[in-house]
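Chain by chain, the residues run as shown.
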Amino acid sequence: MLEDALATGLGRVAFALAFTAVLVTATGPAVENFTLFLLGGATAVASALAGSLAVSQVLEQRMKVMPTTASGIWLLCLSVAAFASLGLSLFLPVAVDPVLIRTVTDLTLVLWAPAAASGLVAVLYYRERSVLVLTVTALMTTGAFYWLLAEFVFEGH
Amino acid sequence: MATAIKPHTGIGRWAVLFGGLLLVELLAATAIGMAYEPGRGIADFVLPYGHAWGATAAVAMVLGLIGLLHYAERSVTNIVAMILGFLVLAMILLPPTYY
């Protein structure tokens, strides 16, 4: 199936994007440029999307907009909550209780991770083929991976 | 209906996998922490480094909950993983009044 997906136009685009993402992501920390690192993340999201669409094309699956599985619905709800928490943590005034800031920041992390996991379960295990779920899963999973990676490659920042 | 030990759905297996990972993380942290600072309890090592296993705990809890609510996953290991995730999350997110 992977060979068939790579033979399609979308598959080749996904491969090229993945290769670019690896290069840009590795270059970012090497030259201490965080924007380049984030650009690598954005390229990885585009690659994941193109790749999953290529696989759907090969399997001749009909794409829907809205999720059809319970995991897909949970992914969307958790993602909305995670982004709301992230927005709140960014716009909280500096003068508020530091414990509140820490709790809201931790809440973003503990909402983001299960959102990515439920999206992956929906797409990989329950064969969810919703454009919305594929897009949000690619975004949340790559976001979680780059978040974790940044903790190591930009240590102390 | 007899309650199974092992999960029978895909999401249940994922929840148990993350629950196991969480347990390993907690035990490793406690073992390493107690080797360096003997005499202190598990909470002293679990709470200050909540970022490290908060994500694993949240995944175990949410996947366990989805399995329980939507996929009739009522295996013992799934419920244990869910409760463990919930307890660790509660420890991390509640304000650290003991400091």
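Everything numeric here is computed off the predicted structure, so don't read it as measured data. (Residues numbered from 1 in each chain as written. Chains lettered and ligands numbered in written order. Predicted model: local features only at pLDDT ≥ 70, side-chain atom pairs only at ≥ 80, totals over all residues. Heavy atoms only, no water.)

Peer 1: So what about the interface of chain B and chain A? Which residues, and what values?
Peer 2: Each partner contributes residues to the interface: chain B has 22 residues there, and chain A has 19 residues. Counting the surface lost from both chain B and chain A, the interface buries some 1900 Å², and carbon and sulfur atoms represent 75% of this. For chain B, the biggest contributors to the area lost against chain A are Trp14, Tyr71 and Leu93 of chain B; these three give 27% of the whole. Between the two partners, chain B and chain A, sit 0 salt bridges. (Contact = heavy atoms within 4.5 Å. Buried area = accessible area lost by both parts, 1.4 Å probe. Salt bridge = Lys/Arg side-chain N within 4 Å of Asp/Glu carboxyl O.)

Peer 1: Can you tell me about the nonpolar core, naming the residues and giving the values?
Peer 2: Counting residues in each nonpolar core, the largest one holds 38 residues, and the members touching the most others are Met140 of chain A together with Trp53, Leu63 and Val88 of chain B. Among all residues touching Met140 of chain A, those that are not within four sequence positions of it are Leu75, Ser79, Ala82, Phe83, Trp112, Ala115 and Ala116 of chain A. (Core = buried A, V, L, I, M, F, W, Y, C linked by side-chain atoms within 4.5 Å. Buried < 20%, exposed > 50% of the residue type's maximum accessible area, 1.4 Å probe, protein only.)

Peer 1: Go over the layout of surface pockets with me, naming the residues and quoting the values.
Peer 2: All names here are of chain A. Considering only enclosed or pocket space, the largest pocket measures out at about 870 Å³ in volume. With 9 residues, the single largest contributor to the lining of the largest pocket is helix 5 (residues 98-125). A class-by-class count of the residues in the lining of the largest pocket yields 19 nonpolar, 6 polar and 3 charged. Around the second largest pocket sit 25 residues that line it, and Ser47, Ala48, Gly51, Ser52 and Val55 are the ones nearest its centre. Taken together, the elements giving at least two residues each to the lining of the second largest pocket come down to helix 1 (2-7), helix 2 (9-30), helix 3 (34-58), helix 5 and helix 6 (131-153). Here the lining of the second largest pocket gets 7 residues from one element, more than from any other, and that element is helix 3. In the lining of the second largest pocket, the residues fall into 16 nonpolar, 7 polar and 2 charged. (1 Å grid on protein atoms, 1.4 Å probe; cavity = no way out; pocket = protein on both sides within 12 Å on 5 of 7 lines; lining within 4 Å. Points joined across faces, edges and corners; volume = space filled by probe spheres on them. Helix = DSSP H or I, 4+ residues; strand = E, 2+ residues; numbered from the N terminus. Nonpolar A, V, L, I, M, F, W, Y, C, P; charged D, E, K, R; others polar.)

Peer 1: Break down unusual backbone geometry for me, with residues and values.
Peer 2: All names here are of chain A. Located in the positive-phi region is Glu32, a residue other than glycine, with phi close to 55°. Take Glu32: its relative accessible area is 64%, and that puts it in the exposed class. Of note, the phi angle at Arg127 is positive, near 55°, even though the residue is not glycine. Tracing the backbone shows Arg127 in the loop between helix 5 and helix 6.

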